Amino acid sequence: MTHPPSTATRSPSPGYGGGGERQSRETEGGRLIPHTHLETDVLVIGAGAAGMSAAIAAHDLGAAVILIDRSLIGRGGATVMAQMTVAAAVGEEVPDTPEHHLADTLIAGRGLCDGDLARLLCEEAPAAIRQMDDWHVGWARHDDGRMRQTGAPGHDRPRCVYVDYLNTGPAVSRTLRAQVQRRAGVRRIGDVIVTELLRNDGVVCGAAGFALAGGEAVTIGAKAVIIAAGGLTRLYRRNSASANMGGDGYALGLRAGAELIDMEFVQFFPIGHLAPRLVGMDPIMWDPFRYKLGGRLLNSDGREFLADYDSEELGRYRVPRDVATYAILKEVTAGRGSPSGGVYLSFRHVPERELRLAFGPVIDRLLANGIDLTRQAVEVSPIAHYHMGGIRVDANMQSSVHGLFAAGEAVGGANGANRLSGNAIPEALVFGRRAGESAAVLARKTAAAACCDHAAEAAFELLQPAGAAGGFSSSAIRELQDVMQRHAGPLRDQDGLRAGLREIIRLRSELPERPPPAAAFASARRDWFDLRNMLLVAECVAGAALARRESRGAHQREDYPLTDNSLELNCTQTYRDDRIALAPAGAA
C-alpha cells in the first residue's frame, strides 16, 4: 500500500472498532481532508441477508472481513422487511426436488434466466435453509417435527418455509446478525455511505465513502470487494423498500466498469395497501392473508376479474405477480377500479373465527386501524417491490471487473424477466455464501491490498468538507420518483419512456457538480450522493425498457403488448465516458 503524503497524522480511529488510521489526505489543490483509512482482505458493502451471509462465508474460509452498511448492521435493507415465503425444495411437506423448483423458476423468468445462476439458487437453497435451521432461526414445524411449507404464486407444490406469516424476514436477519457477532474477524461498520469503488490498473482494490454522523471521509483497501447493497425500488414513488434501496450497488458497480443486465425488469408487488389509511403496518402485508385464506380481488363491480386475463384463481392465490399486476392496472385503466385508484381485496367470505385462527393479534391491529375484514374490503394497488436486474456475474459471483463480486438482489440474471415468489431470501443466502467463499479464495491468492493513493483521487474530490455553495434541493429525489412512477412503471410505452429519459437527463444536468458541505448528520449531503446514484440507475432502467420492444414478465409495453420470441435475450449496459452503452436487445 502506498501511504498518504508526509503531512498525514496517524492515531487510533474512533468509531470504527479500532485498527484503523486517522489521516489527512492532500488533494491536487493542496486541501487536507481528515479521513480514516482501513485495510482488510474482503470488504462487503451492504449488511442484509446477502451481505451477512457473504461476511460469514469469507470469514469461515480464513479471510479478514469488513462488513459496512449505511444503516445499522443487519437492520436495514430488504430482508428485515420480508414477510412469509422462503422457497426451497426441502421436501418436508410433500416430495420435492431442486429440479422441480428450477422448472418453476425458469417458467417465471420467461426465458431470460441465467441457467447457471438459477440452478445454483435452487440446488443450494435446501442446504441454506437447513443451515439457518441449525442456527435456530425457528422455521415453523408440524407436531411431528417436519418443517411446514406452504404454496405461493408460480410454484407447483407447497415449497415455502416460514417462521410465521409476518416475521420471517426479521427472524432471518436476527439469526444472521447473531452469527456475524460471534465472528471476531468480521468488523462491523454502520452508518457509512460508500460513494465510490477504488481501482488500480482496472482491478477493484477498495472503496471510499463518508461517515453519516460527522461527514468524515473513509477509505478501505481490500483484496476483494462484494456488493450486496440491494435493489432500486426507492426509484419509485410507491415502493415497499427501505430508504437504502436506491440502486447504490448498481451505480457503484457500473462506474467501476461492471456490466449490468436486465435493468428493465422491475417487479411490482400487485397488492400493496392503498386504502384506508394503515399505520404501523407493512403495505405488502396482504400476501400471507391471500396465501392462507384465498382473498378475492374484485373490481368496482364487485366481480373477480383475473379470469378475464386467462388467470382464474379458483379460490386460491396462485397467479404470478407480473400477471396480477397487469390485470389490476388494466381494470383501473378501464374505469373499473376503486376510489383510490386500485382494486378491492376482500376477505368478507371468510368467517371471523378463521381469520383469528390464522392471524390472531394481527386482526386486532387491523381493527385499531379501523379495518374490519369481516365487513369491508381494502383497496390495493401495485407497488415497486423487487428488481430482477443487476450486476452481471458468473456462478462464482465474480463480475466482469477483477476483484469485484456481487450477491443477493445486487445480482442480475438469475430471475430473468420475473422473480418466482419466495426466491429472494434463498437468493440472498445462497449467492451471499458463494460470493463470500469466492472473495476469500481470491484474497488468499493476493499478496497485499492494491489500494494506492492515486486510486482515491476522484473520490476525495467529492468528499471534501467544503462542498457546493448551494443550488441543491432534496426535493429532486421526489421529482425523480414521480418521473419513474409515471413513465417507467408497470405499464410503459415509447412516448412515456422517452419523456422519462428527457426528465432524468434534465435532473442530472441540474445536479450540482459537488455535494453540499460536510456537517454532522448532513442529510442534504447524503441526498446529493443518493440522487447521483439514483439518476444513473434510473437512466439504465428507462433506457433498457425503451430498447425492449415487447412485453415480457414484469416489463409490459402498451405499444408492444406481445412477447417477441426473437427478443429472448438479455440486455446489458456499461458506462464509459459518462455515457451508458446498451446491447443487444434492440436499439432505442
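Since we're looking at a predicted model, the values are computed, not measured. (Residues numbered from 1 in each chain as written. Predicted model: local features only at pLDDT ≥ 70, side-chain atom pairs only at ≥ 80, totals over all residues. Heavy atoms only, no water.)

Just to check I follow, could you spell out the pattern of salt bridges for this structure?
Side chains that carry opposite charge are capable of pairing whenever their charged atoms lie near each other. In total, this model carries 40 salt bridges according to the counting rule given. Note that Asp156 and Arg157 form a salt bridge whose closest N and O atoms lie 2.9 Å from each other. For Asp156, a relative accessible area of 44% translates into the label partly exposed. Between Arg548 and Glu550 there is a salt bridge, with the nearest N and O atoms lying 2.7 Å from each other. Among the residues examined, Arg548 registers a relative accessible area of 0% and is labelled buried. (Salt bridge = Lys/Arg side-chain N within 4 Å of Asp/Glu carboxyl O. Buried < 20%, exposed > 50% of the residue type's maximum accessible area, 1.4 Å probe, protein only.)

Please explain empty space enclosed by the protein as it appears in this structure.
Left-over empty space is what a probe sized like a water molecule reveals as it rolls over the atoms. Under the definition given, this model contains seven cavities of 30 Å³ or more. Looking at the largest cavity, its volume works out to about 750 Å³. When contributions to the lining of the largest cavity are tallied by element, the ones reaching two or more residues are helix H1 (49–60), strand E7 (192–200), helix H5 (248–255), helix H6 (286–293), strand E14 (378–387) and helix H10 (424–445). For the lining of the largest cavity, the element with the most residues is H10, which contributes four residues. Grouping the amino acids of the lining of the largest cavity by side-chain chemistry returns 25 nonpolar, 16 polar and eight charged. (1 Å grid on protein atoms, 1.4 Å probe; cavity = no way out; pocket = protein on both sides within 12 Å on 5 of 7 lines; lining within 4 Å. Points joined across faces, edges and corners; volume = space filled by probe spheres on them. Helix = DSSP H or I, 4+ residues; strand = E, 2+ residues; numbered from the N terminus. Nonpolar A, V, L, I, M, F, W, Y, C, P; charged D, E, K, R; others polar.)

Before we go on, may I ask you to explain the environment of His35 in this structure?
With respect to the helices and strands, the residue His35 is situated in strand E2 (residues 32–45). A residue is classified by how much of its surface remains accessible, and His35, at 3% relative accessible area, is buried. Separated by 176 residues in the primary sequence, His35 and Ala211 place their C-alpha atoms 9.6 Å from one another.

Could you clarify how one ought to interpret the packing of helix H13 (residues 494–510) against helix H14 (residues 523–547) in this entry?
Helices that pack against each other are described as a pair by the angle of their axes relative to one another and the distance between those axes. Contact geometry of H13 with H14 gives a least axis separation of 9 Å together with a crossing angle of 160 degrees. What the angle tells us is that H13 and H14 run roughly antiparallel. Crossing handedness for the pair H13 and H14: left-handed. Counting all contacts with H13, which are made through Gln494, Leu497, Arg498, Leu501, Ile504, Leu507 and Arg508, the residues of H14 involved are Leu535, Leu536, Ala538, Glu539, Ala542, Gly543, Ala545 and Leu546. Taken together, the residues that form the contact of H13 with H14 break down as 10 nonpolar, two polar and three charged. (Axes fitted to C-alpha atoms, helices over the stretch in contact; angles between N-to-C directions. Parallel < 35°, antiparallel > 145°, perpendicular 65-115°, else oblique. Left-handed = near helix turned anticlockwise from the far one by under 90°. Contact = heavy atoms within 4.5 Å.)

How should the side chain of Asp133 be read in this particular structure?
Residue position: Asp133 is located in helix H3 (residues 115–134). Among the polar contacts listed, one links the side chain of Asp133 to the side chain of Arg141, at a separation of 2.9 Å. (Polar contact = N/O pair within 3.5 Å; in protein donor to acceptor, adjacent residues only side chain to side chain.)

Would you explain the layout of surface pockets in this entry?
Roughly 540 Å³ of volume is contained in the largest pocket. Elements with a contribution of two residues or more to the lining of the largest pocket: E7, H5, helix H11 (457–463) and H14. The volume enclosed by the second largest pocket comes to roughly 390 Å³. Every residue lining the second largest pocket is counted, 14 residues in all, and those nearest its centre are Leu501, Ile505, Glu539, Arg579 and Ile580. Residue assignment for the lining of the second largest pocket shows that the elements contributing at least two residues are H13, H14 and strand E21 (579–583).

Looking at this structure, how should I read the nonpolar core?
Taken as a class, soluble globular proteins show a tendency for nonpolar side chains to be buried jointly. Ranked by internal contacts, the top residues of the largest apolar core, which has 130 residues, are Val42, Trp139, Leu235 and Leu480. It is H14 that contributes the most residues to this core, 14 residues altogether. Of all hydrophobic cores here, the second largest spans 31 residues; its members include Phe289, Leu293, Ile328 and Leu366. (Core = buried A, V, L, I, M, F, W, Y, C linked by side-chain atoms within 4.5 Å.)

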